[in-house]
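Chain and residue survey
Next come the chains, spelled out residue by residue.
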Amino acid sequence: MSGNGTASKVMTAAEAVADIPDGASIALSGFGVSHRYPSTLITALRDIGPAGLTVYCNGLGQPGFPTGTLLADNHQISRLVTCFSARPGFVSEAEKQIAAGEMELEMVPQGTLVERMRAGGAGIPAFYTPTGYGSAIAEGKDIRYFDGKPCVLERGITTDYALLRAQQADHMGNVVFRGGSQNFNVSFAKAARIAIVEAEEIVPVGSIAPEDVDLPGVFVARVVPITVRMDIKNLPMRVNRPATSSKSYAGKPALTREQIGRRVAALLPDGAVVNLGAGLPTQVANFISARPVILHSENGMLNYGEFARGDSFDPDYHDAGGFFVTLRAGASFFDSVTSFEIARRRERRPGELVGARADRRRHRRRDGPGGRRAARHRDVRAHRLSREPEATGAGDVPGHDAGVRGHHRDGPGAAAAAVADG
């Protein structure tokens, strides 16, 4: 019993996934390449081997580790609904199966995926969103205009199961997440008929203060102790050239990633709330210093700071690119639903400057002198849009080097593999 007369929801991972049949639909939490996947439950599901699964996720994670890729490696997935079907630097088994026609693929923008899950869990059958209009994502879907803006009809999602990971849970299924690791867990749980949570710590009923419950036990059917963990000090990382290095084009050195990050940071007006996406924009965080600029990360953090150094990092404080980061006074954490509510707010326009302009500037530079002129033109235009004098960036801060913990998913092919929501 749980301690208040109700049956305890705690069981082993094998017991928790034993009734998942062939053809089931499963929402799988976890963020990026390696962060906070429900590795214990994934491993147990791999071991019992149901086939023909439909899997909903942000991404399957890094091959060779206890992430969602275990299910692809075991040929258990027949349909994948995801925001990232591929990652730069390696070719996964899922990619091979998709290319061979063995696995059906549906790409969904991150914000749309979490909103579809939220809608399904709330009993809302469908909604309209401007995201995806004019792209392959909108093909075959109803288009309506609201205030003159085209919007795409998206259906709510419900699943048979959800596999989730939390910091703490009690025997009634009340759950506490930690830091920036809420992300998709909450909406996935609410959309599922049976939500299964693996927790780092399982405590007696009453041990969690009511105001600390992030997900009420009414949404959770089963609780499992974590027995399979990833080594947080040796998480998979994609090899990138150091942020201080540069390439040459037409015999002339280009700006380094660090220099681009510094320049973009200098363009941001004081008081801005800025979303930094994965890839090159993450460098901006190292040059904000003490300026009144609030950084937002799509996994659910607001007001974070520069990269963490050496082993002085917290595994639940990481940005959208997977780098472990520090926190500034006044920081807050939330789930992906709230994160994309912040991202969609009209006041948050400087975030588009960082996420889009910095990346386009890099690609235009590859196109030769014309590209460089276009980049300079955008620099001036962005500066004028800020309506603020150009700020001075922070002092030299090394970028992606041996002292920075985390992983990077930027590089050739990353834009094609990712569907970003705005």
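Residues numbered from 1 in each chain as written. Predicted model: local features only at pLDDT ≥ 70, side-chain atom pairs only at ≥ 80, totals over all residues. Heavy atoms only, no water.

1. With respect to the packing of aromatic side chains
The description of an aromatic ring pair uses the distance of the two centres, along with the angle that the planes make with each other. Per the stated rule, a full pass over the model turns up 5 aromatic pairs. Ring centres of Tyr 128 and Phe 146 lie 5.3 Å apart, and the angle between their planes is 55 degrees; on these two criteria the pair is classed as tilted. Taken together, the positions of Tyr 128 in strand S5 (residues 126–129) and Phe 146 in strand S6 (residues 143–146) put the pair 18 residues apart, joining distant regions of the chain. Taking the centre distance of 4.4 Å and the plane angle of 25 degrees together, the rings of Phe 307 and Phe 323 count as stacked. Of this pair, Phe 307 sits in strand S16 (residues 301–307) while Phe 323 sits in the loop between S16 and strand S17 (325–333), and the two are 16 residues apart along the sequence. Both residues of the pair, Phe 307 and Phe 323, count as buried. The cationic tip of Arg 193 hangs over the ring face of Tyr 161; the distance from NZ or CZ to the ring centre is 5.5 Å. (Phe/Tyr/Trp six-rings, centres within 6.5 Å; stacked < 30°, edge-to-face > 60°. Helix = DSSP H or I, 4+ residues; strand = E, 2+ residues; numbered from the N terminus. Buried < 20%, exposed > 50% of the residue type's maximum accessible area, 1.4 Å probe, protein only. Lys NZ or Arg CZ within 6 Å of the ring centre and 35° of its normal.)

2. Observations concerning the environment of Phe 184
With respect to the secondary-structure elements, Phe 184 resides in the loop between strand S9 (175–176) and helix H6 (185–191). Looking at Phe 184, the relative accessible area reads 0%, which means it is buried. Considered as a pair, Phe 184 and Val 337 are 153 residues apart in the sequence and their alpha carbons are 7.9 Å apart. Discounting chain neighbours no more than four positions away, the residues touching Phe 184 are Gly 30, Phe 31, Asn 58, Gln 110, Leu 113, Val 114 and Ser 336. (Contact = heavy atoms within 4.5 Å.)

3. Looking at empty space enclosed by the protein
Using the criterion set out here, one finds 4 cavities of 30 Å³ or more in the structure. By volume, the largest cavity amounts to about 110 Å³. Forming the walls of the largest cavity are 14 residues, and the residues nearest its centre are Leu 60, Gly 61, Phe 84, Ser 85 and Ser 92. At the level of secondary structure, the elements contributing two or more residues to the lining of the largest cavity comprise strand S3 (77–84) and helix H4 (93–99). Counting residues per element, the lining of the largest cavity draws most heavily on S3, at 3 residues. Partitioned by chemical class, the residues of the lining of the largest cavity number 6 nonpolar, 6 polar and 2 charged. What lines the second largest cavity is simply Arg 36, Arg 165, Ala 166, Gln 167, Phe 177, Arg 178, Ser 181, Asn 185 and Asp 316. Broken down by element, the residue count for the lining of the second largest cavity peaks at 3 residues, all from strand S8 (residues 159–170). (1 Å grid on protein atoms, 1.4 Å probe; cavity = no way out; pocket = protein on both sides within 12 Å on 5 of 7 lines; lining within 4 Å. Points joined across faces, edges and corners; volume = space filled by probe spheres on them. Nonpolar A, V, L, I, M, F, W, Y, C, P; charged D, E, K, R; others polar.)

4. Some remarks on the sheet that holds strand S14 (residues 273–275)
Strands pair in a sheet through their backbones, by hydrogen bonds, and they do so in one of two ways: parallel or antiparallel. Strand order in the open sheet made by the 4 strands is S14-S15-S16-S17, with mixed pairing throughout. Edge positions in the sheet fall to S14 and S17, since each of these pairs with one other strand and no more. Within the sheet, the average angular offset between the axes of one strand and its neighbour, ignoring direction, is 40 degrees. Bridge analysis of S16 against S17 gives 4 bridges, and the strand direction is antiparallel. Bridging from a neighbouring strand, Met 301 pairs with Phe 333 of S17. (Pairing = 2+ DSSP bridges. Axes fitted to C-alpha atoms, helices over the stretch in contact; angles between N-to-C directions.)

5. Some remarks on the confidence of the model for the protein
Per-chain confidence: the protein averages 83 in pLDDT, with 79% of residues scoring 70 or above. Contacts of residues 347–422 to residues separated by more than four positions or lying in other chains number 181 contacts, the stretch itself having pLDDT below 50. (pLDDT = per-residue confidence, 0-100.)

6. A word on the pattern of salt bridges
Within this structure, the stated rule accounts for 15 salt bridges. Here Arg 46 ties to Asp 47 by a salt bridge, and the two come within 2.7 Å at their closest N and O atoms. When its relative accessible area of 29% is taken as the criterion, Arg 46 is described as partly exposed. Where salt bridges share partners, they join Arg 79, Glu 104, Glu 106, Arg 116, Lys 141 and Glu 154 into one cluster. (Salt bridge = Lys/Arg side-chain N within 4 Å of Asp/Glu carboxyl O.)

7. Details of the packing of helix H5 (residues 110–121) against helix H8 (residues 336–344)
At a minimum axis distance of 9 Å, the contact between H5 and H8 shows a crossing angle of 130 degrees. Put simply, H5 runs oblique to H8. Crossing angle aside, the handedness with which H5 passes H8 is left-handed. For the pair H5 and H8, contact is made by Gln 110, Gly 111, Thr 112, Val 114, Glu 115 and Arg 118 and by Ser 336, Val 337, Phe 340 and Arg 344, respectively. (Parallel < 35°, antiparallel > 145°, perpendicular 65-115°, else oblique. Left-handed = near helix turned anticlockwise from the far one by under 90°.)

8. With respect to the sheet that holds S6
On the basis of which strands lie adjacent, the open sheet formed by 3 strands has the order S5-S7-S6 and antiparallel pairing. The open sheet has two free edges, formed respectively by S5 and S6, since each of these has just one partner strand. Geometrically, the sheet is characterised by an average inter-axis angle of 40 degrees between neighbouring strands, direction not taken into account. Where S5 and strand S7 (residues 149–155) come together, 4 bridges link them in antiparallel fashion. Residue pairing across strands places Thr 129 opposite Val 152, the latter belonging to S7.

9. Brief notes about the pairing of strand S2 (residues 53–59)
Within S2, 7 of the 7 residues are buried, leaving the element largely enclosed by the surrounding structure. The β-α-β motif built from strand S1 (residues 25–28), the intervening helix H2 (residues 39–48) and the parallel element S2 has right-handed crossover chirality. Direction of pairing for S2 relative to S3: parallel, over a ladder of 6 bridges. Residue pairing for S3: Cys 57 is matched across the bridge by Thr 82. (Right-handed = clockwise from strand over helix to strand, strands pointing away.)

10. Thoughts on the nonpolar core
Counting residues in hydrophobic clusters, the biggest one holds 32 residues, and the most contacted among them are Leu 113, Met 117, Ala 162, Leu 164, Val 175, Phe 188 and Leu 215. With residues up to four places along the chain from it excluded, the contact list for Val 175 reads Ala 166, Gln 168, Ala 169, Val 197, Asp 212, Val 213, Asp 214, Leu 215 and Val 220. In terms of nonpolar packing, the next biggest core, distinct from the first, is built from 28 residues, Leu 28, Leu 53, Leu 71 and Leu 163 among them. (Core = buried A, V, L, I, M, F, W, Y, C linked by side-chain atoms within 4.5 Å.)

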